[in-house]
Amino acid sequence: MPLLLCCDDEQAPAERLLAALQAQGPQGAGPTEQTAWRLAVIERHRFPDGEWRLRLPPALPADVALYRSLHQPNEKLVELLLAAPAARELGARRLWLVAPYLAYMRQDAAFTPGEVVSQRHVGRWLAAAFDGLVTVDPHLHRVATLAEAVPVGQAHALSAAPLLGALVAQRRPGALLLGPDEESAQWVQQAAAAAGLPAAVCRKVRRGDRDVEVQLPALDVRGRAVVILDDMASTGRTVAQAAAALRAAGATSVDVAVTHALFSGDALAVMQAAGVGAVWSTDSVPHASNAVALAPLLAKALGDLGR
Ligand code: R5P
């Protein structure tokens, strides 16, 4: 029986994922008590100097998936650096990473000489450590596919955009879906198609971490409910700039739907000060705004793995 391995602080999301797998059943047919996967925990101990000691189940089956969402990624990448080869030593022959949020995807080019293209190097390293990857809405801008960014045997990029679109259609029927920059077109179009909502995208210029300029599309937003939809918000400045421009242009409400609620520092306060009302996100990153559970989507992908 294949094994879903999670780190001890990920127990709750992994349990939800396993519950979804159980509801789905091994062949995806109806509720059943059986599932193709069972859950085990990687125990972690932090030594006084900050290093990790990890402990995996001592005998692993041939098929193992390691569940780790990679927000705040630096320490988690070290966990993977230790856990992936250890899993192979303990018996895993096919090893997948299930990372609902995949980090280091935005630095996909060197903008100044010597700048490290993190996407390429993290991607190659993950591909060397794992046989397959399942993730949700990876930030792919200058590369077309997940397999280009992470050249792993099986690369599955799932999208939460249709789920977010359905949520928006329910909470703000008829709203305009607005992507805050050109890259967001891929997610906005999927959400709009799934929910039957109108959509448009802005143009964005980024000058620094917290210095962005967003230009609205040539549309009359007076009296309209608008929902800004993107793969993620980090500092919240992109959303805030778009929201302020929409409010100034007469939008009656501006809400936000993102897959990954990174929300660093004062992001939420900055967005709210710019006129944002509701904020909805998936549970790829645990946050009070989580309104969409990814477990059914991930369970379907896990059910299909290795077939
Ligand atoms: C990049 O283009 C992403 O899709 C987001 O728009 C971006 O990461 C948001 O960053 P921030 O919230 O820091 O403006």
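The rules behind the values
- Residues numbered from 1 in each chain as written.
- Predicted model: local features only at pLDDT ≥ 70, side-chain atom pairs only at ≥ 80, totals over all residues.
- Heavy atoms only, no water.
- Helix = DSSP H or I, 4+ residues; strand = E, 2+ residues; numbered from the N terminus.
- Buried < 20%, exposed > 50% of the residue type's maximum accessible area, 1.4 Å probe, protein only.
- Pairing = 2+ DSSP bridges.
- Axes fitted to C-alpha atoms, helices over the stretch in contact; angles between N-to-C directions.
- Contact = heavy atoms within 4.5 Å.
- Left-handed = near helix turned anticlockwise from the far one by under 90°.
- Nonpolar A, V, L, I, M, F, W, Y, C, P; charged D, E, K, R; others polar.
- Polar contact = N/O pair within 3.5 Å; in protein donor to acceptor, adjacent residues only side chain to side chain.
- 1 Å grid on protein atoms, 1.4 Å probe; cavity = no way out; pocket = protein on both sides within 12 Å on 5 of 7 lines; lining within 4 Å.
- Points joined across faces, edges and corners; volume = space filled by probe spheres on them.

Peer 1: What is the right way to read unusual backbone geometry from this model?
Peer 2: The phi torsion of most residues other than glycine is negative, and most of the peptide bonds are trans. Of note in the backbone geometry, Gln72 takes a positive phi value of approximately 45° without being a glycine. Here Gln72 is to be found in the loop between strand E4 (63-67) and helix H2 (73-89). On the basis of relative accessibility, which here comes to 68%, the residue Gln72 falls in the exposed class. Although it is not a glycine, Phe263 sits at a positive phi angle of roughly 40°. With respect to the helices, strands and loops of the structure, Phe263 is situated in the loop between strand E13 (253-261) and helix H8 (267-273).

Peer 1: Just to check I follow, could you spell out the sheet that holds E4 for this structure?
Peer 2: Where strands meet in a sheet, backbone hydrogen bonds hold them as pairs that are either parallel or antiparallel. With respect to topology, 7 strands assemble into an open sheet ordered E3-E2-E1-E4-E5-E6-E7, the strand pairing being mixed. The sheet is open, and its two borders are formed by strand E3 (52-55) and strand E7 (154-158), each paired with just one other strand. Across the sheet, the mean angle from the axis of one strand to that of its neighbour is 20°, orientation sign disregarded. Relative to E7, strand E6 (residues 132-136) runs parallel, the two sharing 5 bridges. Bridge pairing in E7 links Val136 to Leu158. Seen against the sheet, helix H1 (residues 11-24) touches strand E1 (3-7), strand E2 (38-46) and E4 and runs at an angle of roughly 170° to E2. Running at roughly 40° to E3, H2 makes contact with E1, E2, E3, E4 and strand E5 (94-99) of the sheet.

Peer 1: Looking at this model, I keep getting lost on the packing of H1 against helix H9 (residues 295-304). Mind explaining?
Peer 2: Each pair of packed helices gets described by two things: the angle between the helix axes and the distance between those axes. At their nearest, the axes of H1 and H9 sit 8 Å apart, and the two run at 65° to each other. Handedness of the crossing formed by H1 with H9: right-handed. Contacts from Arg16, Leu17, Ala20, Leu21 and Gln24 in H1 reach Ala295, Pro296, Leu298, Ala299, Lys300, Leu302 and Gly303 in H9. Residues that form the contact of H1 with H9 fall into these classes: 8 nonpolar, 2 polar and 2 charged.

Peer 1: What am I meant to see in the side chain of Thr238 here?
Peer 2: Its location among the elements puts Thr238 in helix H7 (residues 237-248). A polar contact is formed between the side chain of Thr238 and the side chain of Lys204, at a distance of 3.1 Å. In this structure Thr238 touches Pro180, Lys204, Arg206, Val212 and Val214, once residues within four positions along its chain are discounted.

Peer 1: I'm lost on the layout of surface pockets in this one. Help?
Peer 2: A probe as big as a water molecule, rolled over the atoms, marks out the empty space that is left. By volume, the largest pocket is sized at about 1300 Å³. If you go around the largest pocket, you meet 39 residues; those closest to its centre are Arg106, Gln107, Arg206, Asp209 and Met232. Elements supplying a minimum of two residues to the lining of the largest pocket: strand E10 (203-208), strand E12 (225-233) and H7. With 5 residues, E10 is the single largest residue contributor to the lining of the largest pocket. Here the lining of the largest pocket is built from residues that sort into 13 nonpolar, 12 polar and 14 charged. Estimated volume of the second largest pocket: approximately 160 Å³. Lining the second largest pocket are 13 residues, with Pro138, Leu140, Ala157, Gln186 and Trp187 positioned closest to its centre. Elements with a minimum of two residues in the lining of the second largest pocket: E7 and helix H6 (185-195). No other element matches the 3 residues that H6 contributes to the lining of the second largest pocket.

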